[in-house]
Number of protein chains: 2
Amino acid sequence: MVKPKRRQSKTEAAAFASTTGPAIILVRPQLGENIGTAARAMLNCGLMDLRLVAPRDGWPNVKALNAASGADAVIGQARLFESVADAVADLNSVFASTARGREMVKSVFTPRQAAAKLRPASATHAGILFGPERSGLSNDDVVLADAIIEVPLNPAFSSLNLAQAVLIICYEWSVAAQETVPEYLPVGRSPVARKKEILNFFNMLEGELDARDFYPTTVMRPKMVSNLRNLFQRIELSQQDVKSLFGIVKSLTRPPLNKFPEEK
Amino acid sequence: MVKPKRRQSKTEAAAFASTTGPAIILVRPQLGENIGTAARAMLNCGLMDLRLVAPRDGWPNVKALNAASGADAVIGQARLFESVADAVADLNSVFASTARGREMVKSVFTPRQAAAKLRPASATHAGILFGPERSGLSNDDVVLADAIIEVPLNPAFSSLNLAQAVLIICYEWSVAAQETVPEYLPVGRSPVARKKEILNFFNMLEGELDARDFYPTTVMRPKMVSNLRNLFQRIELSQQDVKSLFGIVKSLTRPPLNKFPEEK
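Residues numbered from 1 in each chain as written. Chains lettered and ligands numbered in written order. Predicted model: local features only at pLDDT ≥ 70, side-chain atom pairs only at ≥ 80, totals over all residues. Heavy atoms only, no water.

Trainee: Help me get a handle on the side chain of Asp49(B), residues and values and all.
Mentor: Residues and elements named next belong to chain B. Among the secondary structure elements, Asp-49 is positioned in the loop between helix H2 (32-44) and strand S2 (50-53). Look at Asp-49 and you get buried, because its relative accessible area is 15%. With near-sequence residues (within four places) excluded, Asp-49 lies in contact with Pro-22, Ala-23, Ile-24, Met-42, Arg-79 and His-125. (Helix = DSSP H or I, 4+ residues; strand = E, 2+ residues; numbered from the N terminus. Buried < 20%, exposed > 50% of the residue type's maximum accessible area, 1.4 Å probe, protein only. Contact = heavy atoms within 4.5 Å.)

Trainee: Account for the sheet that holds strand S5 (residues 107-109) of chain B, with residues named and values stated.
Mentor: Residues and elements named next belong to chain B. On the basis of which strands lie adjacent, the open sheet formed by seven strands has the order S3-S2-S1-S6-S4-S7-S5 and parallel pairing. The open sheet has two edge strands with one neighbour each: strand S3 (79-81) and S5. The mean inter-strand angle of the sheet, taken between neighbouring strand axes irrespective of direction, is 25 degrees. Summarising the sheet, S5 and strand S7 (residues 147-149) pair through three bridges and their orientation is parallel. In the sheet register, Phe-109 faces S7, and the bridge partner there is Ile-149. H2 contacts strand S1 (23-27) and S2 of the sheet and is inclined by roughly 155 degrees relative to S2. Strands strand S4 (93-97), S5, strand S6 (126-130) and S7 of the sheet are contacted by helix H6 (residues 111-118), whose axis makes an angle of about 105 degrees with S5. (Pairing = 2+ DSSP bridges. Axes fitted to C-alpha atoms, helices over the stretch in contact; angles between N-to-C directions.)

Trainee: Outline the packing of aromatic side chains, supporting the account with residue identities and numerical values.
Mentor: Following the criterion strictly, the structure yields eleven aromatic pairs over all chains and no others. An aromatic cluster of three or more residues is present, and its members are Phe201(A), Phe202(A), Phe232(A), Phe246(A), Phe201(B), Phe202(B), Phe232(B) and Phe246(B). (Phe/Tyr/Trp six-rings, centres within 6.5 Å; stacked < 30°, edge-to-face > 60°.)

Trainee: Describe the side chain of Asn161(A), with residues and values.
Mentor: Along the chain, the position of Asn161(A) falls in the loop between strand S9 (147-149) and helix H8 (162-177). Only 2.7 Å separates the side chain of Asn161(A) from the backbone nitrogen of Ala163(A), close enough to count as a polar contact. Apart from the residues lying within four places of it in its own chain, the contact partners of Asn161(A) are Asn34(A) and Arg40(B). (Polar contact = N/O pair within 3.5 Å; in protein donor to acceptor, adjacent residues only side chain to side chain.)

Trainee: Residue-level account of the interface of chain A and chain B, with values.
Mentor: Listed per partner, the contact involves 79 residues of chain A and 80 residues of chain B. The contact between chain A and chain B buries some 6,600 Å² in all, and 59% of this surface belongs to carbon and sulfur atoms. Inspection of the chain A/chain B interface yields two salt bridges. Where Glu172(A) meets Arg112(B), a salt bridge forms, and the shortest distance between an N and an O atom there is 2.8 Å. Where chain A meets chain B, there are 20 residue pairs in polar contact (both at pLDDT 80 or more). At the level of secondary structure, the elements contributing two or more residues to the side of chain A that touches chain B comprise helix H1 (10-16), helix H2 (32-44), helix H6 (111-118), H8, helix H9 (195-210), helix H10 (221-233) and helix H11 (239-252) of chain A. Among the residues forming the side of chain A that touches chain B, the class breakdown is 43 nonpolar, 18 polar and 18 charged. (Buried area = accessible area lost by both parts, 1.4 Å probe. Salt bridge = Lys/Arg side-chain N within 4 Å of Asp/Glu carboxyl O. Nonpolar A, V, L, I, M, F, W, Y, C, P; charged D, E, K, R; others polar.)

Trainee: Quick rundown of the nonpolar core? Include the residues and the values.
Mentor: Judged by nonpolar contacts, the single largest core of 84 residues is most densely connected at Ile24(A), Leu26(A), Leu50(A), Ile24(B), Leu26(B) and Leu50(B). When residues no more than four places from it in sequence are discounted, the contact partners of Ile24(B) are Met42(B), Leu47(B), Asp49(B), Leu50(B), Arg51(B), Ile128(B), Phe130(B), Val166(B) and Cys170(B). Counting residues in each nonpolar core, the second largest holds 61 residues, with Phe214(A), Val143(B), Phe201(B) and Ile235(B) among its members. (Core = buried A, V, L, I, M, F, W, Y, C linked by side-chain atoms within 4.5 Å.)

Trainee: Provide a residue-level description of the sheet that holds strand S3 (residues 23-27) of chain A, including the pertinent values.
Mentor: Residues and elements named next belong to chain A. Judged by pairing direction, the sheet is parallel, and its seven strands sit side by side in the order S5-S4-S3-S8-S6-S9-S7 without closing on themselves. Looking along the sheet, the strands with just one partner apiece sit at the ends: strand S5 (79-81) and strand S7 (107-109). Taken pair by pair, the neighbouring strands of this sheet meet at an average axis angle of 25 degrees, ignoring direction. In terms of strand pairing, strand S6 (residues 93-97) meets S9 through three bridges, oriented parallel.

Trainee: Break down the pattern of salt bridges for me, with residues and values.
Mentor: Residue and element names in this part refer to chain B. If you walk through the whole model with that rule in mind, you get 21 salt bridges over all chains. Salt-bridge contacts for Asp-49 lead to Arg-79; the nearest nitrogen and oxygen are separated by 3.2 Å. With Asp-49 in the loop between H2 and S2 and Arg-79 in strand S3, this pair connects stretches of sequence that are 30 residues apart. By relative accessible area, which is 39% here, Arg-79 ends up partly exposed. Note that Glu-206 is salt-bridged to Arg-229, the shortest N-O span being 2.8 Å. Linking Glu-206 in helix H9 (residues 195-210) with Arg-229 in helix H10 (residues 221-233), this pair joins segments that are 23 residues apart in sequence. A relative accessible area of 6% places Glu-206 in the buried class.

Trainee: Tell me about the pairing of strand S4 (residues 50-53) of chain A, residues and numbers included.
Mentor: Residue and element names in this part refer to chain A. Both faces of S4 are covered, namely the face carrying Leu-50 and Leu-52 and the face carrying Arg-51 and Val-53. Read from S3 through H2 to S4, the crossover connection turns out right-handed. Bridge analysis of S4 against S5 gives three bridges, and the strand direction is parallel. Its bridge partner lying in S5, Val-53 is registered against Phe-81. (Right-handed = clockwise from strand over helix to strand, strands pointing away.)

Trainee: Now, about unusual backbone geometry: what can you tell me, with residues and values included?
Mentor: Geometrically, the link from Trp59(A) to Pro60(A) is a cis peptide bond, its omega value of 0 degrees lying close to zero. Despite not being glycine, Asp213(A) shows a phi value in the positive range, around 50 degrees. Along the polypeptide, Asp213(A) turns up in the loop between H9 and H10. What makes Asp213(A) partly exposed here is its relative accessible area of 43%. A positive phi angle, near 45 degrees, is found at Ala54(B), a position not held by glycine. The class of Ala54(B) is partly exposed, set by a relative accessible area of 36%.

Trainee: Provide a residue-level description of the confidence of the model for chain A, including the pertinent values.
Mentor: Low-pLDDT stretches of the model should not have their predicted coordinates read in fine detail. Residue and element names in this part refer to chain A. Mean pLDDT over chain A works out to 82, with 82% of the residues at or above the 70 mark. Across residues 1-8, confidence stays below pLDDT 50; counting only partners more than four residues off in sequence or on other chains, it has nine contacts. For residues 180-186, every residue scores under 50 in pLDDT, and the model assigns this stretch 13 contacts once sequence neighbours within four places are set aside. Of the two predicted TM-score estimates for the complex, the pTM is 0.76 and the ipTM is 0.73. (pLDDT = per-residue confidence, 0-100.)

Trainee: Quick rundown of empty space enclosed by the protein? Include the residues and the values.
Mentor: Within the structure shown, the criterion is met by one cavity of 30 Å³ or more. Roughly 120 Å³ of volume is contained in the largest cavity. The wall of the largest cavity is formed by 14 residues, among which Phe232(A), Ile248(A), Val249(A), Phe232(B) and Val249(B) lie closest to the centre. Every element with two or more residues in the lining of the largest cavity is listed here: H9 and H11 of chain A together with H9 and helix H11 (239-253) of chain B. (1 Å grid on protein atoms, 1.4 Å probe; cavity = no way out; pocket = protein on both sides within 12 Å on 5 of 7 lines; lining within 4 Å. Points joined across faces, edges and corners; volume = space filled by probe spheres on them.)

Below is the structure:
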């Protein structure tokens with residue numbers, strides 16, 4: 001029924017997605033494109049539960065489906081509500097995403113702080129409210145939330161596009177899930193060179209340089225050799241790298257082929 | 001110094017923005033809307049330096065300006081380049097944002113890890129490459145980068161919209177700004193080399209190798225060149241390092257002095 005997308009089926013994409021993650025609740029969204037882009041951002045981050053409160057252009061919406069770029073399952077399962085109160089009725093905790101300070105006594109969290117609160121396996125079923133593009137959430141909407149999420153941004157230019165706000169908050173939720181991301185993963189590396197291989201290379205290189213009076217004075221030689229060795233040792237050379245460097249130096253020490261001897 | 005929210009002039013928004021933050025480099029972007037939305041995301045996160053490499057629909061682009069939603073200063077100052085090499089010439093370090101694994105020996109960072117590296121006050125001028133919407137960066141583009149940034153997402157649905165990818169990486173940079181922990185400062189280092197200095201070195205070295213038929217076959221040349229460039233780019237070369245490497249290659253290409261010709 002569903003066609004492959006980038007070698008994974010939509011079913012798989014949806015299967016990865018969380019059944020316990022927060023619901024994303026778009027309150028009176030205006031543009032179908034933004035609903036679609038928000039759905040795509042949700043699935044990017046492994047979230048499936050999209051709720052729409054009184055979308056301006058009705059529902060379903062073709063523009064939303066087109067903009068979802070394959071996140072059809074999120075769009076297809078989206079639920080429609082008449083009021084925010086209805087949309088949050090089955091939830092245990094609700095956050096309101098807003099850029100403006102509110103005259104309300106509510107905790108204000110960054111997306112990262114909110115993600116930490118939403119993340120524990122024990123977390124109760126939560127939802128996050130996002131307001132209409134033009135005006136944001138009304139105070140009546142925000143009152144229904146337990147806490148506020150504010151994205152920390154350039155204070156002089158802090159108005160985020162709706163789908164961008166959804167993305168940042170979903171992204172933080174998703175990253176909080178992956179606490180054990182390895183520092184870095186060099187791709188396709190040959191094994192790290194042994195020190196003796198590296199020293200052999202240094203000796204060969206330094207010998208060739210000596211043979212060509214590379215060092216201006218003998219006094220400067222030790223310092224220059226040490227700089228040179230430090231330079232190459234910062235690379236964490238692989239065995240293949242050392243072989244390549246050997247090949248390069250050997251090649252460079254040969255005379256050019258003079259294929260074009262007429263060139264000056 | 002910064003005025004209350006939502007009533008600031010565009011000049012003020014730009015004044016908050018960083019003059020030292022990374023450049024955002026869109027490589028062959030297709031849709032003006034995405035360029036505009038990316039510019040808005042940049043200014044949201046306090047970044048100003050937008051660079052465009054061969055945008056499909058030319059430049060300036062009315063759709064980009066409309067989609068920027070007020071980030072006019074970023075669009076107005078955007079600089080146009082013919083090639084990625086030109087666009088990174090004045091930078092000290094370059095990251096490539098890509099969703100696909102690459103057969104290259106490069107460090108891969110999450111946006112958060114990359115932000116930590118970009119953040120120190122001592123950080124040199126950096127840039128981040130983003131590829132075209134449809135295909136992403138080519139391998140030739142990625143070779144010019146020092147490291148890769150991969151956004152950790154739903155592995156079954158990881159394709160991000162261009163502007164969304166720009167947003168996440170700029171957002172992490174911006175959040176890291178609010179926790180300025182200085183990294184270690186290498187002692188006595190000469191300033192980090194600019195990309196054009198490194199590219200000049202590569203060109204010289206590859207020219208000398210070409211002159212000596214270093215590459216077994218022309219088919220193997222691109223892969224070997226790319227491995228070689230990746231090897232040296234892992235070092236974070238200083239300006240002094242590049243000078244040393246120039247000196248070494250020049251020296252190696254000269255014939256030995258034969259001070260002791262009687263030695264065999």
